[in-house]
Amino acid sequence: MSVTVRIPTPLRTLTGGADEVQVSAVSVRALIETLEERHHGFKAQLCDAEGKLRRFVNLYLNDEDIRFQQGLDTPLKSGDVLAIVPAIAGGAGAPTWHEVLKRLKKEIPEVDVPEVAALRGKGRAAIVDVRDKEEYNEGHIEGAIHLPRAFLEMRAESALHDRGASIVVHCASGVRSLLAAESLRRLGYTDVRSMAGGFSRWKDQGLPYVKPRVLGETERRRYARHLTIPEVGEQGQIKLLDSKVLLIGAGGLGSPAAVYLAAAGVGTLGLVDFDVVDESNLQRQILHTADRVGKPKTESARQTLLALNPGVNVRTFEERLSSANVERIFRDFDLVLDGSDNFPTRYLVNDACVKLSKPNVHGSVYRFEGQVTVFWPRHGPCYRCLYPEPPPPELAPSCAEAGVLGVLPGVIGLLEAVEAIKIILGKGRPLVGRLLTYDALRAEFRKLVLRRDPNCQYCRDGAEFPGYVDYEQFCARPTEAVTAR
Amino acid sequence: MPAGEAEVAAHGGATLRLAEEAVAVIRAHAERDYPHECCGVMVGRRYAGAWEVEYARPARNLITERARDRYLLDPHDFVNADREARGRGLDIVGVYHSHPDHPARASETDRENAWPALAYLIVNVQGGRARDWRAWEYDGEGFQERTVAGAPGNSL
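Residues numbered from 1 in each chain as written. Chains lettered and ligands numbered in written order. Predicted model: local features only at pLDDT ≥ 70, side-chain atom pairs only at ≥ 80, totals over all residues.

## Details of the overall build of chain A
Counting secondary structure elements, chain A contains 18 helices and 19 strands. By the burial criterion, 35% of the 485 residues in chain A qualify as buried. Here the contacts in chain A between residues at least 6 apart in sequence split such that 63% fall between residues at least 24 apart. (Helix = DSSP H or I, 4+ residues; strand = E, 2+ residues; numbered from the N terminus. Buried ≥ 20, exposed ≤ 12 C-beta atoms within 10 Å, placed from the backbone. Contact = placed C-beta atoms within 7 Å.)

Structure, rendered in structure tokens:
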């Protein structure tokens, strides 16, 4: 089928200048193949890699666009005229976003996720994350340089010193990184590539990433005075928020400690107390109020603490501590603050802390004197290193019998809270192996050295746990030497 | 600047020579379609050092939503103009279009859609008046400016 093909000016270089050629073919598709055989390069001008007619070329068979006929399969007959019509277009208008993206994809080299992982593994490229702060905090590639796009041009120079270094830019999906890469190239960085698919694809392919813990807005406001202390800062505050402190007793020592630990933002506060509020408590137990006399101390404590800091998780245990429940109660907490008022409890607390390896912040008061120390199993002595057995009852009067200056447990309880916070933050020297004594009347603080007893039945190295002892209150002897383990 | 045949600046490559009739048609078309871009074909002969345009045929701009700064020349009009040119022993040697309120410089968009060998005439229509006429030729990478002869002086 002899067909006349009209060649437009731009394509005449391929036909040696001819504006018309005669071709025999049964269909348009066949005609293109024949043209290619005769004039090499023709097909590439008309069709893309998949053999489809290019967008900017039109084929008119006898004045009708073949797209409205059978496309490339349109049949031909003798005498037909096939005109190759270039799409003529342009305009002053700035490129559409779509066109910009197309151009960027052509100009900016892309690199796939596995290759970025390999480059990173060998330290051969700097990874730059251009996402915003929220996205970055939700998770990012460890070691990536964070340069949000909003500040890219301003901060690039201080973050990326070597303009010849190999840089891989990534965003969430691979689009913003193209724009950012172009910006970096404009700034003179010569080896910049964009990670195809972005961080989403990194995660989809199961590659590792890190997610920093950060404070929310409310927390930033509430703990502002902590955040500016270098030893605390955001990381320290996060440690406090993540910590779990158990207070034995919501009384004279437990009250001030609980209040300040809640104020500091300790995330979980446990309170063990089976007693109810008594009027005589109000001389010193600041967790409680006059209108709560007769109420369980745990409930009263919860009310006060949540009013101060609604963000604290207050867990109450309105039970008497014994060998039967001590491990169950202690298990979830990071450290114990002993504010108990009787020896059986002190020994139980000590023994459980030794067994479960938890720091035990210890405080005690008597009239005008008080003491604080930290029993940290294996770091220093335990209670039994000092007092392997409880004292005879006549040497251990309770507060009711001996009396106490109301404010004194306030002082000691707060010192206990300070020690707890130091342990949580990992800052300063906790009173491990040292006993801080306070003489209120003399206004004197002293420190005594305490040592581990190498023969301590409970905490010596390699000791097999002897078991809990449920001492009867103020009995000289235990009812059973060995109870639970 | 003297009126009539004012060769504005001498550029390398071929010169685009416009017959008076072509100039009149192009100017009328550009000013009529303002503030939209107009487009059309230029018909004549190609010589070694020049495109000689005898007449111009306006074509339809298929772009409607962005006609202020985009054009797409209706292929039908191209086909018809091509047939007519052939009948007269002539050829479509180039394309013209206007830039309303925008310099007569080839843009990124022009470049992305460009074909070699054709003469591209861009007419700047400022505030409704055709003011600046410039010619361009695409060399495979970008546009090179060419001399325009026969167009009104650009200072008008």
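## Quick word on the sheet that holds strand S5 (residues 81-86) of chain A
Across the sheet, which stays open at both edges, the five strands sit in the order S2-S1-S5-S3-S4 (chain A) with mixed pairing between neighbours. With one partner strand each, in any of the chains shown, strand S2 (20-24) and strand S4 (64-65) of chain A form the two edges of the open sheet. Sheet topology note: the strand S1 (residues 2-6) of chain A/S2 of chain A ladder contains five bridges and is antiparallel. Its bridge partner lying in S2 of chain A, Val3 of chain A is registered against Val23 of chain A. Against the sheet, helix H1 (residues 28-38) of chain A engages S1, S2, strand S3 (57-61) and S5 of chain A, with an angle of about 115° to S2 of chain A. Of the strands in this sheet, S1, S3, S4 and S5 of chain A touch helix H2 (residues 75-87) of chain B, which is tilted by about 120° from S5 of chain A. (Pairing = 2+ DSSP bridges. Axes fitted to C-alpha atoms, helices over the stretch in contact; angles between N-to-C directions.)

## Description of the sheet that holds strand S7 (residues 110-111) of chain A
Residue and element names in this part refer to chain A. Pairing within the open sheet is parallel, and its five strands lie in the order S7-S11-S10-S8-S9. In this open sheet, the two edge strands, each paired with only one partner strand, are S7 and strand S9 (145-146). As paired strands, strand S8 (residues 126-129) and S9 are joined by two bridges and run parallel to one another. From the neighbouring strand, Val128 faces S9, where its bridge partner is Ile145.

## Structural notes on the pairing of strand S6 (residues 119-126) of chain B
Residue and element names in this part refer to chain B. Of all eight residues making up S6, seven are buried, and the element is well covered by its neighbours. Pairing of S6 with strand S7 (residues 129-138) involves seven bridges; the strand directions are antiparallel. Across the sheet, the residue bridging to Gln126 is Arg129, located in S7. Where S6 folds back on S7, the antiparallel hairpin that results is connected by two residues, among which Gly127 adopts a positive phi of roughly 55°.

## A word on the interface of chain A and chain B
Taken together, the contact pairs 21 residues of chain A with 28 residues of chain B. Elements represented by at least two residues in the side of chain A that touches chain B include exactly S3, S5 and strand S6 (89-90) of chain A. Per-element tally for the side of chain A that touches chain B: the top contributor is S5 of chain A, with three residues. Class assignment of the residues belonging to the side of chain A that touches chain B gives a composition of 11 nonpolar, five polar and five charged. Here two bridges tie S6 of chain A to strand S4 (residues 71-72) of chain B, and the two strands are oriented antiparallel to one another. Bridge pairing in S4 of chain B places Ala89 of chain A opposite Leu72 of chain B. (Nonpolar A, V, L, I, M, F, W, Y, C, P; charged D, E, K, R; others polar.)

## Comments concerning helix H11 (residues 233-242) of chain A
Those residues of H11 of chain A that fall on the buried side of the exposure criterion are Gly236, Gln237, Lys239, Leu240 and Leu241 of chain A. Looking at the packing, one finds that the buried side of H11 of chain A touches helix H10 (224-227), helix H12 (254-264) and helix H18 (407-425) of chain A.

## Description of the confidence of the model for chain A
Residues and elements named next belong to chain A. Per-residue pLDDT for chain A has a mean of 92; in total, 96% of the residues score no lower than 70. When the elements of chain A are averaged for pLDDT, helix H17 (residues 399-402) gives the smallest value, 71, and H12 the largest, 98. Residue range residues 474-485 is modelled with pLDDT below 50. Its contacts to residues more than four positions away, or to other chains, number 19 contacts. (pLDDT = per-residue confidence, 0-100.)

## Some remarks on the environment of Leu14 of chain A
Residues and elements named next belong to chain A. By the element assignment, Leu14 lies in the loop between S1 and S2. The partly exposed category is assigned to Leu14, around which 19 C-beta atoms lie within 10 Å. Distance in space between the C-alpha atoms of Leu14 and Glu36 is 9.7 Å, their sequence separation being 22 residues. Apart from residues no more than four positions distant in its own chain, Leu14 is found in contact with His39, Gly41 and Phe42.

## Quick notes on the nonpolar core
Residues Met42, Leu121 and Val123 of chain B are the most contacted members of the largest nonpolar core, which totals 60 residues. With six residues, S6 of chain B is the single largest residue contributor to this core. Look past the residues within four positions of Val123 of chain B in its chain and what remains in contact with it is Ile26, Ala30, Tyr96, Ser98, Ala104, Ala130 and Trp133 of chain B. Membership of the second largest hydrophobic core comes to 59 residues, among which are Leu246, Leu321, Leu425 and Tyr468 of chain A. (Core = buried A, V, L, I, M, F, W, Y, C linked by C-beta atoms within 7 Å.)

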